[in-house]
Structures are given as C-alpha cells and as structure tokens.
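Inside the fold
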Amino acid sequence: MAEQITALQQADSAQDLLRATQELAASADASAAPVLVEVLGFNNPGAAVAAVEGLISLGTAAVDALLQLDPENYGARAWAVRALAGIGDVRGLELLLDALGSDVAASVRRAAAKGLGQLQLDELPPDQQQAVRRQCLGALLAATSDGEWVVRYAVAVGLELLAAGLPPRLPEWQQARAGLVTLLAAAPDNAPVVQRRAHLALLRLEQQ
Amino acid sequence: MVDADASPPQAGEPISEQEALRRLRQSEDSSQQYYGAWWLGRMRSQHPEAVPLLQQALRQRRPRDSGDGVEENAVARNAARALGKLAPAAQTAIPDLLDTLQDADDGLREAAARALGQLAASEAIEALCEKLASGPAGAGAQQANSPRLVEPCEALLEALGDIGVNEPRVLAVVKPFLAHERPLIRSAAARTLLQLSGEARWGELLVDLLDHPQLQVRRAALMDLGAAGWRPGFKAIAATLAENSLKLMALRGLVEQGNGDPGDEALLACMDALL
C-alpha cells in the first residue's frame, strides 16, 4: 500500500500518474482514499476518472476524505460531487443539494441530480428518511426547469430512482410523478430525449 | 463536426427580442450587430423582421483584406449562422446564402454551407457538389499560407448529409474524401454517406475513428455518429475515451435521429450509466 502511494506521489508524467492512480484505485484499501481525493485536484482528467471510480468502489469508507476537500478547489469539488453521487452516502447530501442548485457546470449538476435519487436511506430512522427524501425531492423538482437538457434528463433519472419502491399513496411518490409529467411536456426548448426518458420513468413507476 | 464559435460574443446582460432587433438594425456599432444576430438565432426568434434583418446583415459583407473589413464579416458570419437556426422561416434567405457560398472569406463560406444544410436546402446541392468536385487534391488541399483547406470541406460535406438527398452524383462527390489525409474530413465524409445511404460500412468506419489516438478526432466521430443516429454504434460510443458529456450528446442523437435496434430502453440505460 505505502509503495503504491509513493509511486503515485512520485509520478512525474500524466501517463505515470494515470497508471499509479489506477493501481491505487484497484487496491480496495480505505487508506487510499485521502490520496485518491488528492488526485482529484491534479487537473488530469484521465487520472481523476480513475480516482472517482476507486473512491466509489471504496464506498462509505471514502466519504470522510471527500467531505474534507477544500471547497475553494473548484475542479476537485466537481469530481468529488460525482464520487459522492456514486457512493450514495447520506453525509454527501448537503454537497449534492448545493451542486444541483448552484454549480455552473452542467456536468456537475447532472451528476448531483442522479446522486440525489440514489442516496442510501435504509439505515436511517423512518422520520429522518422522510426528511432527507423531501429535501432531495425539493431540489430535483426545482431543477426540472434547468436550462440544460442533460440536467433535466438526469432529474428524470433521479426522480424515478427516488420514487421507485415507495408506495404510490405517499405524497413524495406523487410529487415525483408530477415532476416527471413536467419533464414529459413538449415545450419548444425541451429535448425529445428528455421526454422519452420521463415517459419511460412514468411507465415503470406505474407498473411497480 | 460542430460549429466552431457558436458561443455568445460576451455574456452581457439578458436582452429582449426588441432590443436584439434594434441592435441588428443600427449600423454604427458592429459589435452590437454581432450580438443582435447571435441572439436572434440562439433564441429561435419568430419575429417577422428577424429574417429580413439577418439577410441585410449577410449582404453587408465585404471583400476581405488584411486589417480591414474583418469586423463586418463577423456580423455576416453570425447572420448566416442565425439564419440556419431559423428554419423554416429563413427559406427566403436561401438565394443570399447561395451567393455567400461563393464569397472569398473562408469562414463565411463555411457558415453559409452549414446554414444551407440546416435549412435542408435542396437548391444548394448543385453548388455544394461543384465546390467539392475537385476532390481531396483540389478543394481538400491545404492553402499555401494557412492551415485551412482550399474549401471548407467539412462543412460542405456535412451540409450534403443534412440536406439528405441520396443521389449517385452526390455520393460520387463525397466518396473520394474518405481518403483525405485529415481524419476529421474522413469522419465528415463517412457521416454524410451514412446519413444518405444508411449503409453499415460507413457507421463502422466512424466506430473505427472512435479509437483514434487524437482526442479531437474521437470527439468528431462521436458527434458524427450522433448526427447520423447510427444505433448499432451505441456500445462503442459508451466505451470511447472522451468526456461523458460528449458521449451523452452522441447517444441523444441515436435516440432522436435513429431507429431500429437497439430500442430506446437500451439506449436510455446506456445514457443513465454515464450521468
């Protein structure tokens, strides 16, 4: 482990960095997390993709390191949002809400939208589950009017994930459905692919 | 591939349609005209004055000489781009765009060719074919003092694909460009042939370009597969070494432009995984 970390820290070309990151990401060792988080700030997209994959496979063990990231480091934060979205740990909630509501990059907002639909809530007490779900839902519904098609597409995915498994009598299920109906609308600047994704989500929810 | 500078000149304050028309109408400040023209295209203005004003801006172009006239042609280029976005209202501007296709300014010819493609102007086929007829060694040769080609081949080829008339004379003009030394031109030719004929071999050629060592070429092939909506390429698109944003755009093209196998559900699942 220490050897792999040293290899990464001494990497002096983009290729070396990528290789070292891939090895570290494959180690499945929680002590790799802070180093992988560091890689997110190196402005090397190939290595950052490998680091995000490694962090997602570490799961909840990577969350602390991700949350300690310097909020001023914008580039790294965008990658961290993707990692947190993929991990689904509820400790990432604030960062995901913030990213969907206000990040300037559509790629970050789209990752956050999907992430808000797939937070793992099973271990929380029922009242907290409901409170978190409502926050996620509020952010997703607000983002149904996002100006970028790809974000609205991700909102459709997030709404489906959020509502799947809930009983249709719950207000959350009904609000998610209403959000999908909004995305189904053939507005002049809506994209057909968003409509088709919303249509598919509604079909699945109504068949469950 | 994609329009090189379809972005706003500067972010600026949000303006109204009336304001955009006013800026384009005045002639003192060409940067205001530039912004007005861009706005009308971006917002897909349906105002009855939009197309006539853009036609007028397109006619304002002048012969290019060093240091002079560049700014005014910038307005004309934006006007051409905007007209392309205003189909079908801009059909009346097709004769002006055909004239512009003969302009001495490379960038203007390129913008006019793209606009004619977006307007699906079958009247333009003859002129586009004529421009390309001399093949990779003529129209496709590099200019003496610039990295540009003699003709804006990528835009001319893609316009023929967008117009979408599958005739032997069009195929005969496009095919030689599959052997062009620049991979971006090969990609554009394959895209056009795929759009016109639907034959799998052209789609496979684009899939091969997804493995090209240069990122720029992989990106172009992604956009070209998306524009042609070639669904059998979906797995190769998802596996390409490029940004997910571009793969998502390409897959959107497969969903919206393509048909047949794989069906929507498989394509959408593939997109979901890239978010």
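That block above? That's the structure.
Keep in mind that what you see is a predicted model, and the values were worked out from it rather than measured. (Residues numbered from 1 in each chain as written. Chains lettered and ligands numbered in written order. Predicted model: local features only at pLDDT ≥ 70, side-chain atom pairs only at ≥ 80, totals over all residues.)

All right, on to the overall build of chain A then. If you tally the helices and strands in chain A, you get twelve helices and zero strands. Across chain A, helices and strands are ordered from the amino to the carboxyl terminus as α-α-α-α-α-α-α-α-α-α-α-α. A compact globule built from 208 residues should have a C-alpha radius of gyration of about 17 Å, and chain A, at 18 Å, falls within 12% of that. Taken over the C-alpha atoms alone, chain A extends approximately 55 × 40 × 30 Å along its principal axes. The buried share among the 208 residues of chain A stands at 42%. Here the contacts in chain A between residues at least 6 apart in sequence split such that 62% fall between residues at least 24 apart. (Helix = DSSP H or I, 4+ residues; strand = E, 2+ residues; numbered from the N terminus. Rg over C-alpha atoms; globule rule 2.2 N^0.38 Å. Buried ≥ 20, exposed ≤ 12 C-beta atoms within 10 Å, placed from the backbone. Contact = placed C-beta atoms within 7 Å.)

Residue and element names in this part refer to chain B. Along the chain, Leu157 falls in helix 8 (residues 153-163). Given 30 C-beta atoms within a 10 Å radius, Leu157 is considered buried. For the pair Leu157 and Lys131, spaced 26 residues apart in sequence, the C-alpha separation works out to 10.0 Å. Here Leu157 is in contact with Leu132, Val174, Phe177, Ala188, Ala189 and Thr192, once residues within four sequence places are set aside.

A separate point is the interface of chain A and chain B. On the side of chain B, ten residues touch chain A, which itself brings 13 residues to the contact. Considering only residue class, the side of chain A that touches chain B consists of eight nonpolar, one polar and four charged. (Nonpolar A, V, L, I, M, F, W, Y, C, P; charged D, E, K, R; others polar.)

Before going further, it helps to spend a moment on the packing of helix 6 (residues 106-118) of chain B against helix 8 of chain B. All names here are of chain B. Interhelical geometry of helix 6 versus helix 8 gives an angle of 10° and a closest axis separation of 7 Å. One element, helix 6, and the other, helix 8, form an angle in the roughly parallel class. Together, Glu110, Ala113, Arg114, Leu116, Gly117 and Gln118 of helix 6 and Ala155, Leu156, Glu158, Ala159, Asp162 and Ile163 of helix 8 make up the contact between the two elements. Its residues placed into classes, the contact of helix 6 with helix 8 shows six nonpolar, two polar and four charged. (Axes fitted to C-alpha atoms, helices over the stretch in contact; angles between N-to-C directions. Parallel < 35°, antiparallel > 145°, perpendicular 65-115°, else oblique.)

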